[in-house]
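# Survey of secondary and tertiary structure
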Amino acid sequence: MSEPLEFFIDPMRCIGCQACVSACRECGTHRGTSVIHLEVIDRMRTIQTTPMVCMHCVDPTCAEVCPADAIKQTPEGVVLSSLKPRCIGCENCVIACPFGVPKYDALPDQMMKCDQCYDRTSIGLRPWCATVCPSRALYFGPRSQVEAQRRGKPLNRFRFGNEVVETKVNIIVPEGVDEFVFDVAAHISEGMPHSVADLALAASAEDH
Amino acid sequence: MLLRFNRAALFWSVLVTGALVAAIVVGSRRLQYFDAALVPYTFASIFTLFGLTYHYATWLQRPPTRRYWQRTWEQIRQGNVPLRLGLVLRRLVTHILAQSFIWHRSRLRWWMHFTLFWGCVLAALVTFPLVFGWIHFATVPGHPYVYQIHLFGFPAGTFAPHSLLGWVVIHMLDFAAVLVLVGVGLSFWRRTRDPDALAVQNFYNDLLPLLILFAVSVTGLMLTFSSLWLRGYYYSFLAQIHAITVIGGLLYLPFGKFFHIVQRPAQLGVALYKKVGAEGESARCACCQAAFTSQMHLDDLKQVLAELDFHYEMPPGSAIDHYQNVCPRCRRVTMALTQARISGREFL
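None of the values given here were measured: they were computed from a predicted structure. (Residues numbered from 1 in each chain as written. Chains lettered and ligands numbered in written order. Predicted model: local features only at pLDDT ≥ 70, side-chain atom pairs only at ≥ 80, totals over all residues. Heavy atoms only, no water.)

## What to know about the overall build of chain A
Looking only at helices and strands, chain A features eight helices and nine strands. A burial count over chain A gives 59% of its 208 residues as buried. Within chain A, counting contacts between residues at least 6 apart in sequence, those at least 24 apart form 55% of the total. Working note: accessible area of chain A is about 8400 Å², and carbon and sulfur atoms make up 51% of it. (Helix = DSSP H or I, 4+ residues; strand = E, 2+ residues; numbered from the N terminus. Buried < 20%, exposed > 50% of the residue type's maximum accessible area, 1.4 Å probe, protein only. Contact = heavy atoms within 4.5 Å. Areas by Shrake-Rupley, 256 points an atom, 1.4 Å probe, with all protein chains shown as cover.)

Right under this line is the structure:
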């Protein structure tokens, strides 16, 4: 039996080429609309960008806070975009998602989000974004391949304050890290937006 | 067995269903104008209303739904009442009757949904008053070619059955059936081609309701066909088949996809909620200070999250007290920054 394919995200590898943004429009479940996020962290100080796809939480906050019960999970654990007949455009999911993933569009009065290209992944194909990502910041493949080819390890356990969230999608972290803590407080105290260039400078100052 | 029911939902179901039964008795003048041949439809309608109310009442008990429900009634009563009611009424016209938001989702979907919606509304407006005995027709004594309309037992106009108006009135359900069939056809066309529909649709939720609507419409049209061109051949058999399809559709209503019909008006409450929120204080991101929603929305959401047993509160001594005070963009950026921080590496 072949190894299952999983999604891995590695923001530090992102080169900001926007191939994922364009490819996302090809997804059959939201044809013509790109739902992936590509954030420029601090244009003045770094070229760092970061992609954001849905992490597909095991217990999705977005689905729980939906008053219309419009967000469903497939048997494979993929958290689907809002069901069109049900979504009432309240934006609860947009504000509640700890990863900041759902997008709200006012004209169709509907939330749309990444559903891991369910029309493709449900039949064994790779999601569009992972197919076109040249630096493999977004990667869809067997875990063994990621573990063999990358420094660090995949992790799918996140902490937001007192809330621990497990996801279907993995992020690459250094060995020894067992929980990815969203350290918002640190970034506030050091001033936001905080750049990776600053982190690199700080690290190099410590080395010297 | 009784204990397994949701008591509040059961209470409302019994109350609303009782009100319908009372309305049938009163509206048909103590069943004087009630058509006994339509009894199966009446019982199916009563059961459907019971199921719909029960489902609706349990749905309202979900923390996020309950919050919006309470807020809607609260906001309608407060502030400038005519202005707020005006907003709700405008939305009723643009979003429920004209379904403009579906137009922006897809033109094909709009045509499909618009024909289905108005076909079903037209059919419901004709069928239910007839079934409940609220409307009936009688010939005017001495004038066999004039029909008298009785509304709740009171005379409410006349029409000649062989006039254009008469033809339209008599064939109203045929027009409804044609509209529904157009919608069903467009829907089937989309569902056999659209990659989105093909990936996520299932028989019970997406195809069965279409099959029900198709069966109801076709058997209804067959009744007209039989009476107009077959001299009533097989009419009673067809009438029974039609009744089975209609009753099947009514019984499916509270449990399947059709439940969204009664859910959709919640969109009006949400529109009012957003409007009131926009007029009030904005919630600003704890990181970038940008306004990202209304303070009312954020406060309500935090309360709903707590009710749902989510704990996004930050530990004591943290720079912020709640993770939800951070805007969605800063959450996305924080993921990359945190990865860089714990990796201690430069980009690439």
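Text resumes after the structure shown.
## Observations regarding the overall build of chain B
Secondary structure summary: chain B contains 15 helices and five strands in total. Here chain B has a C-alpha radius of gyration of 26 Å; the compact-globule value for 348 residues is 20 Å, and the former is much larger. Across its three principal directions, the C-alpha atoms of chain B cover 95 × 45 × 45 Å. Counting across all 348 residues of chain B, residues that qualify as buried make up 43%. Restricting to contacts in chain B with at least 6 residues of sequence separation, those with at least 24 account for 58%. Surface exposure of chain B reaches about 18400 Å², of which carbon and sulfur atoms provide 69%. Side-chain charges of chain B comprise 30 positive and 15 negative groups, with the mean position of each set lying 6 Å from the other. (Rg over C-alpha atoms; globule rule 2.2 N^0.38 Å. Lys, Arg positive; Asp, Glu negative; His and termini not counted. Charge placed at Lys NZ, Arg CZ, Asp CG, Glu CD.)

## Structural notes on the sheet that holds strand β2 (residues 143-151) of chain B
Residue and element names in this part refer to chain B. Judged by pairing direction, the sheet is antiparallel, and its three strands sit side by side in the order β1-β2-β3 without closing on themselves. A single partner strand is all that each edge strand has here, and the edge strands are β1 (135-140) and β3 (154-159). This sheet shows a mean twist of 35 degrees between the axes of neighbouring strands, independent of strand direction. For β1 and β2, the ladder comprises six bridges, and the chain directions are antiparallel. Residue pairing in the sheet places Thr-139 in a bridge with Tyr-147 of β2. (Pairing = 2+ DSSP bridges. Axes fitted to C-alpha atoms, helices over the stretch in contact; angles between N-to-C directions.)

## A few points about the pairing of strand β8 (residues 163-173) of chain A
Residues and elements named next belong to chain A. Burial analysis of β8 places eight of its eleven residues in the buried class, the great majority of the element. Bridge count between strand β1 (residues 5-9) and β8: two bridges; the pairing is parallel. Note that in β8 the partner of Ile-9 across the bridge is Ile-171. Where strand β7 (residues 153-160) and β8 come together, seven bridges link them in antiparallel fashion. Within the sheet, the bridge partner assigned to Arg-159 lies in β8 and is Val-164. Here β7 hands over to β8 after two residues, with Gly-161 in that stretch at a positive phi of 65 degrees.

## Considerations on the interface of chain A and chain B
With 80 residues of chain A at the contact, the number on the chain B side is 67 residues. When the two sides are added together, the surface that chain A and chain B hide from each other amounts to roughly 6600 Å², 64% of it contributed by carbon and sulfur. Summed over the shared surface of chain A and chain B, the result is four salt bridges. Close ionic contact of Glu39(A) with Arg332(B) constitutes a salt bridge, the shortest N to O distance being 2.7 Å. Where chain A meets chain B, there are 34 residue pairs in polar contact (both at pLDDT 80 or more). The leading source of residues in the side of chain A that touches chain B is helix α7 (residues 184-190) of chain A, at six residues. By residue class, the composition of the side of chain A that touches chain B is 49 nonpolar, 15 polar and 16 charged. (Buried area = accessible area lost by both parts, 1.4 Å probe. Salt bridge = Lys/Arg side-chain N within 4 Å of Asp/Glu carboxyl O. Polar contact = N/O pair within 3.5 Å; in protein donor to acceptor, adjacent residues only side chain to side chain. Nonpolar A, V, L, I, M, F, W, Y, C, P; charged D, E, K, R; others polar.)

## Digging into the pairing of β3(B)
All names here are of chain B. Both β2 and β3 contribute to a ladder of four bridges, which runs antiparallel. Within β3, the residue paired with Tyr-147 across the bridge is Phe-159. Remark: two residues form the turn of the hairpin made by β2 and β3, two consecutive strands paired antiparallel; Phe-152 in that turn has positive phi of roughly 50 degrees.

## Looking at a nonpolar patch on the surface
All names here are of chain B. A surface patch of nonpolar side chains, about 1000 Å² in accessible area, is lined by Phe-225, Leu-228, Trp-229, Leu-230, Tyr-233, Tyr-234, Phe-237, Ile-241 and Ile-244. The set of elements that each furnish at least two residues to the nonpolar patch consists of α10 (203-229) and α11 (235-252). The exposure class assigned to Ile-241 is partly exposed, which follows from its relative accessible area of 30%. (Patch = residues over 30% accessible without salt bridge, like charges linked within 9 Å, V, L, I, M, F, W, Y side chains within 5 Å.)

## Here's the deal with helix α8 (residues 172-191) of chain B
Each full turn of the α-helix corresponds to 3.6 residues, which orients residues three or four apart in the same direction. Residues and elements named next belong to chain B. Between its first and last C-alpha atoms α8 spans 29 Å; for 20 residues at 1.5 Å apiece the expected length is 28 Å, and the two agree. Those residues of α8 that fall on the buried side of the exposure criterion are Asp-174, Ala-176, Ala-177, Val-180, Gly-183, Val-184, Ser-187, Arg-190 and Arg-191. On the buried face of α8, the contacting elements are α6 (107-131), α9 (195-200) and α10. (Expected span 1.5 Å × (residues − 1).)

## Looking at the side chain of Gln263(B)
When you line up the elements, Gln263(B) lands in helix α12 (residues 260-263). Discounting chain neighbours no more than four positions away, the residues touching Gln263(B) are Ala68(A), Arg86(A) and Trp59(B).

## Overview of unusual backbone geometry
In this structure, Glu91(A) takes a positive phi of about 75 degrees despite not being glycine. Tracing the sequence through the fold places Glu91(A) in the loop between α2 (61-65) and α3 (92-96). Of note, Gln289(B) is a non-glycine position whose phi angle comes to about 70 degrees, a positive value. Its place among the elements puts Gln289(B) in the loop between β4 (282-284) and β5 (291-294). We classify Gln289(B) as partly exposed; its relative accessible area is 46%.

## Comments concerning the side chain of Arg67(B)
By secondary structure assignment, the location of Arg67(B) is in helix α3 (residues 63-77). Residues contacting Arg67(B), with those up to four places away along its chain left out, are Asp300(B), Gln303(B) and Val304(B).

## Observations concerning the sheet that holds β8(A)
Read across the sheet, five strands follow the order β6-β1-β8-β7-β9 (chain A) without closing on themselves; strand pairing throughout is mixed. Single-partner strands in this sheet number two, and they are β6 (138-142) and β9 (180-181) of chain A.

## Re the pattern of salt bridges
Residues and elements named next belong to chain A. Across all of its chains, the model carries 22 salt bridges over all chains by this definition. Measuring nitrogen to oxygen at the nearest pair gives 3.1 Å for the salt bridge that ties Lys-72 to Asp-69. The salt bridge involving Lys-153 is made with Asp-178; its shortest N-O contact spans 2.9 Å. Taken as a pair, Lys-153 in strand β7 and Asp-178 in the loop between β8 and β9 lie far apart in primary sequence, 25 residues in all.

## Regarding the confidence of the model for chain A
For chain A, the mean per-residue pLDDT works out to 90, and 90% of the residues sit at or above 70. Contacts from residues 192-197 of chain A, a stretch scored under 50 in pLDDT, to residues over four places away or in other chains number 24 contacts. (pLDDT = per-residue confidence, 0-100.)

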